[in-house]
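Close look at the chain arrangement
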2 protein chains.
Amino acid sequence: MMKTEIQEIEKALQSYLPQLLPQENDLRKTLFESMEYSLMAGGKRIRPQLVLEFCSLCGGSREQAMPFACALEMIHSYSLIHDDLPCMDDDDLRRGKPTNHKVYGEAAALLAGDALLTLAFETMLSPESIAAAGAERAARAAGELARAAGAHGMVGGQIIDLESEGKQVPLEVLEKMDEGKTGALILAACRMGCILGGASPAQMQAAEIYARSIGLAFQIQDDLLDVTGDAALLGKNTGMDSARGKSTYVSLLGVEKARETVERLTCTAIDALLVFGEEAKGLADFARALANRDH
Amino acid sequence: MMKTEIQEIEKALQSYLPQLLPQENDLRKTLFESMEYSLMAGGKRIRPQLVLEFCSLCGGSREQAMPFACALEMIHSYSLIHDDLPCMDDDDLRRGKPTNHKVYGEAAALLAGDALLTLAFETMLSPESIAAAGAERAARAAGELARAAGAHGMVGGQIIDLESEGKQVPLEVLEKMDEGKTGALILAACRMGCILGGASPAQMQAAEIYARSIGLAFQIQDDLLDVTGDAALLGKNTGMDSARGKSTYVSLLGVEKARETVERLTCTAIDALLVFGEEAKGLADFARALANRDH
């Protein structure tokens, strides 16, 4: 998990975006620009890093994992564009910049989201990617992402979020929602890295425990920061969840219990990495950093 | 291209939809129903039939082709849901029924489209589908569909349509738009059938000529029906294209030249089928039926 890795991811993402031919008076310009605007808008690139790390821990190469790593970020990016649309959260700002539909209009933002979701599969299943990863691993890893992103995964979590808006919900609904909205892609990232690297069953199981633990810890920490965080550091207002009447891990468990749970989950995640030995140090540091983040 | 084939497709489509567990009080109910509402709303199922026919002509089985055939229909269905949204064409009716967002609301319609697009890849890349088709063919065929559906294919055609709204455009822009909006998925259907059936290069080339010819003929016939068709038979108003100031093949070529072109393209399509021999009779009839349709 180093800076050079992120730079490589950024470079690869840019290379997979559709390009206008310079001589063309191409009416698709708005679409291509709108896709680039959101995909290249920064972000922590957590999911691609997880793919690359697990693939390399299992003995695979960066070259074979990169299209799959970038595909995860494309799916994440499309979901943010569609989430921000007026018929969903109706947000004007994302990471301090105007949201996609504020810049390109609703129709182009809708299509940019559709095209980024599709681009994820174009990228994973290009002839080059299939040749580098091998058809069996490429097909399995792309199938993994499809299941994680769909009605039983991320989109399923989004509809649960919509349907429980402004309502108090019990812990199991909150967990089911987050398992879909954020957990599914994090789990897919770790599993895809394992598939591409040719993991043993023990390695795959360890990656799943790690993924589920950091996924849930990440979400609880988010809720904690909304209550105890510093608005200046976070770059957004705090106390929004309770103002909106939303059930959160903090409202359901209390601050102390929520903190303990983050601690416990982080230990579980790091314990699971033992099977990989010293080389997994980066992933252990990453789990700790997520639990201790203040923004 | 027979009735039993369509019934099999309908049955398979239904089987790939996400199912609620009966005991669950599942908040994803709206999403699942909204997906089913549009996917199972009838339609000619042209694209799935093309996959099945070409796969079987090349020596493949229906079993291995069915997930890919259904995936094409899922992509077609998602594109209609998103096209009908208020920020796009803002349509209230589709095939005589209220559009998806009129029934389930905009947010659920948006998510149903996203989930159907994703379901296409879940279906093609399920463990069962990979095992039946073989990983190499499954990965190649799914990659084919991704490219056809994305920014260089269908979504690219949709943005050209948006950007040229209410404008007169030259023939090459109209062709580029239709190549994306309708041509790309028809070409993908025929090519995917060939990939799954293990086509020879000559068979693949023949399928491409057939696909491009019927794709364009279909579109020109659509424009002709808007001018010369019977509103009662069509189930929609005629003369809409010229009322909206849209460039069409008829406005650019004239009725006579447009008719001749449909004739010529249909002959080209049928000629190309010779390489497949008598077994391709169904596809020849299909090309003729498209050219002679009155609705």
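Residues numbered from 1 in each chain as written. Chains lettered and ligands numbered in written order. Predicted model: local features only at pLDDT ≥ 70, side-chain atom pairs only at ≥ 80, totals over all residues. Heavy atoms only, no water.

A short note on the overall build of chain A
Summing up its helical and strand segments, chain A has 16 helices and two strands in all. The C-alpha atoms of chain A give a radius of gyration of 19 Å, which matches the 19 Å a tight globule of 295 residues would have. If one aligns the C-alpha atoms of chain A with their principal axes, the spans along those axes are about 60 × 45 × 35 Å. The buried share among the 295 residues of chain A stands at 55%. Counting only contacts in chain A whose residues sit at least 6 apart along the sequence, the fraction spanning at least 24 positions is 72%. Surface exposure of chain A reaches about 12,300 Å², of which carbon and sulfur atoms provide 51%. Charged side chains of chain A number 29 positive and 43 negative; the gap between the two group centres comes to 1 Å. (Helix = DSSP H or I, 4+ residues; strand = E, 2+ residues; numbered from the N terminus. Rg over C-alpha atoms; globule rule 2.2 N^0.38 Å. Buried < 20%, exposed > 50% of the residue type's maximum accessible area, 1.4 Å probe, protein only. Contact = heavy atoms within 4.5 Å. Areas by Shrake-Rupley, 256 points an atom, 1.4 Å probe, with all protein chains shown as cover. Lys, Arg positive; Asp, Glu negative; His and termini not counted. Charge placed at Lys NZ, Arg CZ, Asp CG, Glu CD.)

Observations concerning the packing of helix H3 (residues 46-57) of chain B against helix H16 (residues 281-292) of chain B
Pairs of packed helices are described in terms of their axes, by the angle between the two and the distance that separates them. All names here are of chain B. Where H3 contacts H16, the two axes come as close as 11 Å, and the packing angle between them is 155 degrees. Considered as vectors, H3 and H16 are oriented roughly antiparallel to each other. Once H3 is placed against H16, the crossing between them reads as left-handed. Within the contact between the two elements, H3 uses Ile46, Leu50, Glu53, Phe54 and Leu57 and H16 uses Leu283, Phe286 and Leu290. Of the residues belonging to the contact of H3 with H16, the class tally is seven nonpolar, no polar and one charged. (Axes fitted to C-alpha atoms, helices over the stretch in contact; angles between N-to-C directions. Parallel < 35°, antiparallel > 145°, perpendicular 65-115°, else oblique. Left-handed = near helix turned anticlockwise from the far one by under 90°. Nonpolar A, V, L, I, M, F, W, Y, C, P; charged D, E, K, R; others polar.)

Focus on a negative patch on the surface
On the surface, a cluster of negative charge is made up of A:Asp89, A:Asp90, A:Asp91, A:Glu106, A:Glu165, B:Asp89, B:Asp90, B:Glu106 and B:Glu165. With respect to the secondary-structure elements, B:Asp89 resides in the loop between helix H4 (62-84) and strand S1 (93-94). (Patch = residues over 30% accessible without salt bridge, like charges linked within 9 Å, V, L, I, M, F, W, Y side chains within 5 Å. Salt bridge = Lys/Arg side-chain N within 4 Å of Asp/Glu carboxyl O.)

Side note on the packing of aromatic side chains
A full pass over the atoms with the stated rule returns seven aromatic pairs over all chains. Centroid distance A:Phe121 to B:Phe121: 4.1 Å. Interplanar angle 10 degrees. Geometry classified as stacked. Of this pair, A:Phe121 sits in helix H6 (residues 106-124) while B:Phe121 is found in helix H6 (residues 106-124), placing the two residues in two different chains. Given a relative accessible area of 1%, A:Phe121 falls into the buried group. The rings of A:Phe54, A:Tyr210 and A:Phe276 are connected pair by pair, giving a single aromatic cluster. Positioned over the ring face of A:Phe218 is A:Arg293, at 4.2 Å from the centre of the ring. Sitting over the face of the ring of B:Tyr37, B:Lys97 holds its NZ or CZ atom 4.3 Å from the ring centroid. (Phe/Tyr/Trp six-rings, centres within 6.5 Å; stacked < 30°, edge-to-face > 60°. Lys NZ or Arg CZ within 6 Å of the ring centre and 35° of its normal.)

Brief notes about the interface of chain A and chain B
Listed per partner, the contact involves 51 residues of chain A and 51 residues of chain B. Between the two partners, chain A and chain B, sit zero salt bridges. Counting across the interface, chain A meets chain B through four residue pairs in polar contact (both at pLDDT 80 or more). Within the residue set of the side of chain A that touches chain B, elements represented by two or more residues are helix H2 (29-39), helix H4 (62-84), H6, helix H7 (127-133), helix H8 (135-149), helix H9 (154-163) and helix H10 (171-197) of chain A. The leading source of residues in the side of chain A that touches chain B is H6(A), at 11 residues. Along the lines of polarity and charge, the residues of the side of chain A that touches chain B split into 30 nonpolar, 11 polar and 10 charged. (Polar contact = N/O pair within 3.5 Å; in protein donor to acceptor, adjacent residues only side chain to side chain.)

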